Amino acid sequence: CGIVQVSGPPRPPVEAALIERMADAMTHRGPDDRGIYRADGVALGVRRLSIIDVAGGHQPFANEDGAIRAIQNGEIFNYATLREELLGHGHQLHSRCDTEVIPHLYERDGDDFPLALRGMYGIAVWDERQRRLVLARDRLGVKPLYYARAGDLLLFASELKSLLAPGLVSLELDPEAIDAYLTLGYVPAPRTPLRQVHKLLPGHRLILAKGEVRVEAYWHYPLPNPIFGRSEEEWAEGLIHHLDEAVRLRMISDRPVGAMLSGGLDSSLVVALMARHSATPINTFAIGFRGAGPANELGDARLVAERFGTVHHEMELALDEEDLDLEGLVWSLDEPVADLSALGFLKLSGLAARHVTVALSGQGADELLGGYRKHQAAALCGRLPGPLRLAMSLLGGRGPRRFRRLAATLGAANPAERLLAMSGQLPPALRSRLLRGPLASLATSPALGLIEQFLDSSRGDPLAETLFLDAQLALPDDLLHYFDRASMAHSLEARVP
């Protein structure tokens, strides 16, 4: 977190109490250490969950002359390689902590330093000589980063509650963002429920320099570009090669590492690969809900745990239990997310945190590999001729309720409308019945425009377009959002290969 003066001659530093309040609002995110840096016109704060170089990783880290300082929430998985490169070019590093490479990378690469990083991170770099701030968020948005202007100050933080802690940011609500939440079940970046607060988009950096603040992409999610001519076996071999490497890198830790195991394909594969790279049994953690019938996957998780000889831990909950901490969940999430999975994951994270500090998970596989029913619907759109799609959409629109969503999907004019038809929670008839006040004055849902910001003018395969949008919307702002908040609420680092 931080508070930085935007323009004018550097003023004395903000009160120590303000930046300390911001940092301590996130004690759960880093209970092991607190670092504060204050100078004219700038204050930086950081809480540390000690994972790599437990004793020597105090932040902020500085370069050799102290002119450049860096703080990070997250993990750089290729830090060892970067460290060797920097030492080979004469840089002096004194710890094994991954964050220490960042100020030296900034010296070497300038604003492009995130391009060298492989990891999950929210990063701030302060350049004292140039009075310059660079914020960076990882490519897929695994780690969060909020920012807001308050007069001539820029505030930033890993959590919304931290950003609001000094009392400098307006609490005025943003009706368009709230409408988008009611429509999609999450608030798409860069919006938040507060008009003055923004989320830095994944793969973006914010640069404060010469009295100006600008936000720009340093990386773009790959556009749909189908590759033909490879066999199923070649694709499988390539996938397992990359996933094996991703799992191995995410097992780097000086603290205990485990895995979230649902018993499904994704988490079971992650556990299988972890077992390949571990000399000792892996700790695995599973949760189920009583009365859920086949949806309770504890039995499947036990089978996988037994197959790979893990030290298995599980819990079973009932949805009507009074100890389901909804108030705690709301506090942890920062923003509302209409996904009941967050409740189970908050409980599961509490169980895992009693045994390990780092846990790997299969989250995100559905967005890469088309695991949801809407992806089947999108694939159907791609296979049917246009006239047949139109006919089916007209017939389905007059049919039973369960067919209407598919009909709207088939009849959608573009990828954004198709995603709303597949995933939207608030159809027009319900909007007009429910919404009041400023929300009722919005002619159409702003969600459509927030989806369209990720599209170019080209049109292609509906399935590829849906996966492309999911990876930049629902993945960071719903699934990875609650994953990060629920795990960090228990000081557990969740990693997603």
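Residues numbered from 1 in each chain as written. Predicted model: local features only at pLDDT ≥ 70, side-chain atom pairs only at ≥ 80, totals over all residues. Heavy atoms only, no water.

Some details on the pairing of strand 13 (residues 257–260)
So, step 1. The alternating pattern of strand 13 places Val257 and Ala259 and Gly258 and Met260 on opposite faces, both of which are buried.
So, step 2. Two elements, strand 13 and strand 14 (residues 283–289), share three bridges in a ladder whose sense is parallel. Bridge pairing in strand 14 links Gly258 to Asn283.
So, step 3. Handedness of the crossover joining strand 13 and strand 14 through helix 7 (residues 265–277) is recorded here as right-handed. (Buried < 20%, exposed > 50% of the residue type's maximum accessible area, 1.4 Å probe, protein only. Helix = DSSP H or I, 4+ residues; strand = E, 2+ residues; numbered from the N terminus. Pairing = 2+ DSSP bridges. Right-handed = clockwise from strand over helix to strand, strands pointing away.)

Side note on unusual backbone geometry
So, step 1. Cis geometry marks the peptide bond from Gln59 to Pro60; its omega dihedral reads 0°.
So, step 2. If you trace the backbone, Pro60 turns up in the loop between strand 3 (42–48) and strand 4 (61–62).
So, step 3. Residues other than glycine seldom take positive phi values, yet Lys210 does so here, at roughly 55°.
So, step 4. In this structure, Lys210 sits in the loop between strand 11 (204–209) and strand 12 (212–217).
So, step 5. Residue Lys210 is classed as exposed on the basis of its relative accessible area, which comes to 83%.
So, step 6. Of note in the backbone geometry, Ser491 takes a positive phi value of approximately 55° without being a glycine.

Structural notes on a nonpolar patch on the surface
So, step 1. Where nonpolar side chains cluster on the molecular surface, the patch consists of Leu239, Leu368 and Leu369 and spans about 330 Å² of accessible area.
So, step 2. Residue position: Leu369 is located in helix 11 (residues 365–369). (Patch = residues over 30% accessible without salt bridge, like charges linked within 9 Å, V, L, I, M, F, W, Y side chains within 5 Å. Areas by Shrake-Rupley, 256 points an atom, 1.4 Å probe, with all protein chains shown as cover. Salt bridge = Lys/Arg side-chain N within 4 Å of Asp/Glu carboxyl O.)

Structural notes on the environment of Leu49
So, step 1. As for its placement among the helices and strands, Leu49 is situated in the loop between strand 3 and strand 4.
So, step 2. Spatially, the C-alpha atoms of Leu49 and Arg34 are 9.5 Å apart, while their sequence positions differ by 15 residues.

So, the sheet that holds strand 10 (residues 197–199)
So, step 1. Taken together, six strands build an open sheet; the order of strands is 2-3-1-9-8-10 and the sheet is antiparallel. In the strand order of this sheet, the two ends are held by strand 2 (33–39) and strand 10, each with one partner. Strand after strand, the sheet turns through a mean of 20° between neighbouring axes, direction not considered.
So, step 2. Across three bridges, the pairing between strand 8 (residues 146–150) and strand 10 is antiparallel. (Axes fitted to C-alpha atoms, helices over the stretch in contact; angles between N-to-C directions.)

Observations concerning the packing of aromatic side chains
So, step 1. All told, the structure shown has six aromatic pairs when counted by the stated rule.
So, step 2. Plain terms: the ring middles of Phe345 and Tyr482 are 6.3 Å apart, the flat faces sit at 70° to each other, and that makes the pair edge-to-face. Of the two residues, Phe345 sits in helix 10 (residues 341–353) while Tyr482 sits in helix 20 (residues 474–488), which places them 137 residues apart along the sequence.
So, step 3. The exposure class assigned to Phe345 is buried, which follows from its relative accessible area of 7%.
So, step 4. Here the aromatic rings of Phe345 and Phe483 are separated by 3.9 Å at their centres, their planes lie at 10°, and the arrangement is stacked. One end of the pair, Phe345, is in helix 10; the other, Phe483, is in helix 20, with 138 residues separating them in the sequence. Neither residue differs from the other here; Phe345 and Phe483 are each classed as buried.
So, step 5. Ring pairing ties together the aromatic residues Trp219, Tyr221 and Phe468, which thus form one cluster.
So, step 6. Over the face of the ring belonging to Trp331 we find Lys161, whose NZ or CZ atom lies 4.4 Å from the ring centre. (Phe/Tyr/Trp six-rings, centres within 6.5 Å; stacked < 30°, edge-to-face > 60°. Lys NZ or Arg CZ within 6 Å of the ring centre and 35° of its normal.)

Details of the sheet that holds strand 14
So, step 1. Strand order across the open sheet formed by five strands is 15-14-13-16-17, with parallel pairing between neighbours. Each having just a single partner strand, strand 15 (311–317) and strand 17 (493–495) make up the two edges of the open sheet. Looking at each pair of strands side by side, their axes are set apart by 25° on average, direction ignored.
So, step 2. Pairing analysis gives three bridges linking strand 13 to strand 16 (residues 358–360), with the strands arranged parallel. Considered in strand 16, the bridge of Ala259 is made with Leu360.

Quick notes on the environment of Ala407
So, step 1. Note that Ala407 resides in helix 14 (residues 401–411).
So, step 2. Owing to a relative accessible area of 5%, Ala407 belongs among the buried residues under this scheme.
So, step 3. Residues Ala407 and Ala377 lie 30 residues apart in sequence; the distance between their C-alpha atoms is 9.9 Å.

Here's the deal with helix 7
So, step 1. Its 13 residues give helix 7 an end-to-end C-alpha distance of 19 Å, which sits within 8% of 18 Å, the value for a rise of 1.5 Å per residue.
So, step 2. For helix 7, the full list of buried residues reads Ser267, Ser268, Val270, Val271, Leu273 and Met274.
So, step 3. Elements in contact with the buried residues of helix 7: helix 6 (232–249), strand 13, strand 14, helix 8 (298–307) and strand 16. (Expected span 1.5 Å × (residues − 1). Contact = heavy atoms within 4.5 Å.)

What about the pattern of salt bridges?
So, step 1. Inspection of every chain in the model, using the stated rule, returns 34 salt bridges.
So, step 2. Asp32 is the partner of Arg255 in a salt bridge, and the nearest nitrogen-oxygen pair spans 3.5 Å. Of this pair, Arg255 sits in the loop between helix 6 and strand 13 while Asp32 is found in the loop between helix 1 (16–24) and strand 2, placing the two residues 223 residues apart along the sequence.
So, step 3. When the shortest N-O distance is used, the salt bridge between Glu85 and Arg108 registers 3.1 Å. Within this pair, whereas Glu85 is found in helix 2 (residues 79–88), its partner Arg108 is found in helix 3 (residues 101–109), the two being separated by 23 residues in sequence.
So, step 4. With a relative accessible area of 34%, Glu85 lands in the partly exposed category.

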